[in-house]
Amino acid sequence: MARTRIPVIVVAGFLGSGKTTLLNHLLRQSGGTRIGVIVNDFGSINIDAMAVAGQVDAMVSLDNGCLCCAVDPGELDTMVHKLSRPQSAIDVIVIEASGLADPRSIVKMLISSEEPGIRYGGFVEVVDAVEFDSTRSRHPEIDTQIDFADVVLVNKIDRVDADSRASVLRTLGTITPGTPLLPTEHGRIDPSFLFDEHARSTQPKVGEQLSLDDLCAHDEDDHEHLHTVYETVTFTSESPMDPRSLMHFLDHRPAGLYRLKGNVYFGLADHPEKFVLHTVGNYLRFHRRGWDSGETRTTSLVAIGAGLDTTDLTARLRDCVAPESSEHDEFSMLPILRFTDG
């Protein structure tokens, strides 16, 4: 059975935007998901757990099963390799890029990586809604980062008035049209928007002392409220999908769509296997897998995004189902195979 690849998510943003606050939130809300955090900002570490441990140049094991480590740019690839090994038992890797670094180089490294245990999980740009205009004045390159991002978190949105909020969102929509924009407070975002969550393997027994992770999660559930501002759309079809129609949809994805994942059934005699689809932002990849014994051969996709027209999205996917009378020529799968591994 093929091993599941670990998603690697890059988080970037200029100093003070809230990157570390976001990471601490994800760690507190990790539940049963084991997160490997790589801080690519050597000498400027302020993740809570690392500050407590007093270590800035080594891996720190946290109570909730997550790992934190600090590296310089030259060690990044090596640390990704270490965290993606099966013995590390990590479910997702999050890289916090230096506030002064160009995260595009990290993204390109991940996409071109031949490391078999990882896959690109997306580039998240954190924007400070309060200081947005002044940040653009001091760092005009922020527009390039924003346009390159797969999703933009508009942080500290609670600290600006309605007019300023509308202005920031309007400007961001001009810089990067179609990219999901998620307003956030204190870096709080539902982790399931960025990665698949895993259920806790064990629950505290009656009378058992709660861990620090349990207490933090309980407190945040009660008081912080995650302000879910994204949509999830599920699409299934027992009829085969038309490869050319699906590829056209993937080449022209609707605005606000961040992730599309799941199994695709083409039903072709020369390609009977399951095609596992993974998209994040503009990134696209299929992986060929065999069908499990007794598994129904069905297309099953989950779309995740912000500001989606869910009715239009479902209709467009339904239009990708192959008509019963359709015939496929030998070239119909070529657009799909261009983006297929395995």
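For the structure, see preceding data.
Below or above, wherever it landed, is the structure these notes cover. Worth saying up front: this structure is predicted, and the values here are computed from it rather than measured. Numbers given to residues run from 1 along each chain, matching the order in which its sequence is written. It should be noted that, the model being predicted, local features are given only for residues of pLDDT at least 70 and side-chain atom pairs only at 80 or more, the latter also being counted only at that level, while totals for whole chains, interfaces and linings use all residues. Computation of side-chain values: all heavy atoms of the structure, hydrogens and water removed.

## Some thoughts on the overall build of the chain
- A count of helical and extended segments in the chain gives eleven helices and 14 strands.
- The classification of residues rests on relative accessible area computed with a 1.4 Å probe and restricted to protein chains. Under 20% of the type maximum is buried, over 50% is exposed, and intermediate values are partly exposed. Per-residue burial for the chain yields a buried fraction of 48% across its 342 residues.
- Partitioning the contacts of the chain with sequence separation of at least 6, the portion at a separation of at least 24 is 77%.
- With the model as given, the accessible surface of the chain reaches about 16500 Å², and the carbon-plus-sulfur share is 48%. A run of DSSP states H or I qualifies as a helix once it reaches four residues; a run of E qualifies as a strand once it reaches two. Both are numbered from the N-terminal end. Here a residue-residue contact requires only that any non-hydrogen atoms of the pair lie within 4.5 Å. Accessibility throughout is a Shrake-Rupley quantity obtained with a 1.4 Å probe, and a residue counts as covered only by protein chains that appear here.

## So, the sheet that holds strand β11 (residues 274-280)
- Read from one edge to the other, the open sheet built from six strands follows the order β9-β13-β10-β11-β12-β14, with strand pairing classed as mixed. Among the strands making up the open sheet, the edge pair consists of β9 (231-237) and β14 (340-341).
- Only the stretch in contact is used when fitting a helix axis, every axis being a line fitted to C-alpha atoms; angles between N-to-C directions are given from 0 to 180 degrees. Contacting β10 (257-264), β11 and β12 (283-289), helix α9 (residues 243-251) crosses the sheet at an angle of about 145° to β12.
- Running over the sheet, helix α10 (residues 310-318) touches β9 and β13 (299-305) and is turned about 25° from β9. Whether two strands pair comes down to DSSP finding at least two bridges between them.

## Focus: the pattern of salt bridges
- One speaks of a salt bridge when a side-chain nitrogen belonging to Lys or Arg is within 4 Å of a carboxyl oxygen belonging to Asp or Glu. This model, assessed by the stated rule, comprises nine salt bridges.
- A salt bridge links D128 to K156; the shortest N-O distance between them is 3.1 Å. Linking D128 in strand β6 (residues 118-128) with K156 in the loop between β7 (151-155) and α7 (162-175), this pair joins segments that are 28 residues apart in sequence.
- Owing to a relative accessible area of 9%, D128 belongs among the buried residues under this scheme.
- With relative accessibility at 17%, the residue K156 sits in the buried group.
- Across the pair R136 and D143 runs a salt bridge whose closest N-O atoms are separated by 2.7 Å.
- Overall, the relative accessible area of 22% leaves D143 in the partly exposed class.
- Linked through salt bridges whose partners overlap, the residues forming this network are D196, R259 and K261.

## Let's talk about the packing of aromatic side chains
- Centres within 6.5 Å are what make two rings of Phe, Tyr or Trp a pair, Trp counting through its six-membered ring; a difference in plane orientation under 30 degrees is then read as stacked, over 60 as edge-to-face, and the rest as tilted. Inspection of the entire model under this criterion finds seven aromatic pairs.
- Their ring planes at 80° and their centres at 6.3 Å tell us that F275 and F286 sit as a pair that is edge-to-face. With F275 in strand β11 and F286 in strand β12, this residue pair connects regions lying eleven residues apart in the sequence. F286 matches F275 in its accessibility class, with the two residues each being buried.

## Let's talk about the nonpolar core
- Counting 60 residues, the largest nonpolar core has I38, I95, F193 and L194 as its most contacted members.
- As annotated, the domain borders come from an automatic or database domain assignment. When we break this core down by domain, the ones giving at least three residues each are domain 1 (6-223) and domain 2 (230-341).
- Residues belong to a common nonpolar core when they are buried Ala, Val, Leu, Ile, Met, Phe, Trp, Tyr or Cys residues joined through side-chain atoms within 4.5 Å. Core analysis: the second largest hydrophobic core is formed by 25 residues, L260, L284, C320 and M333 among them.

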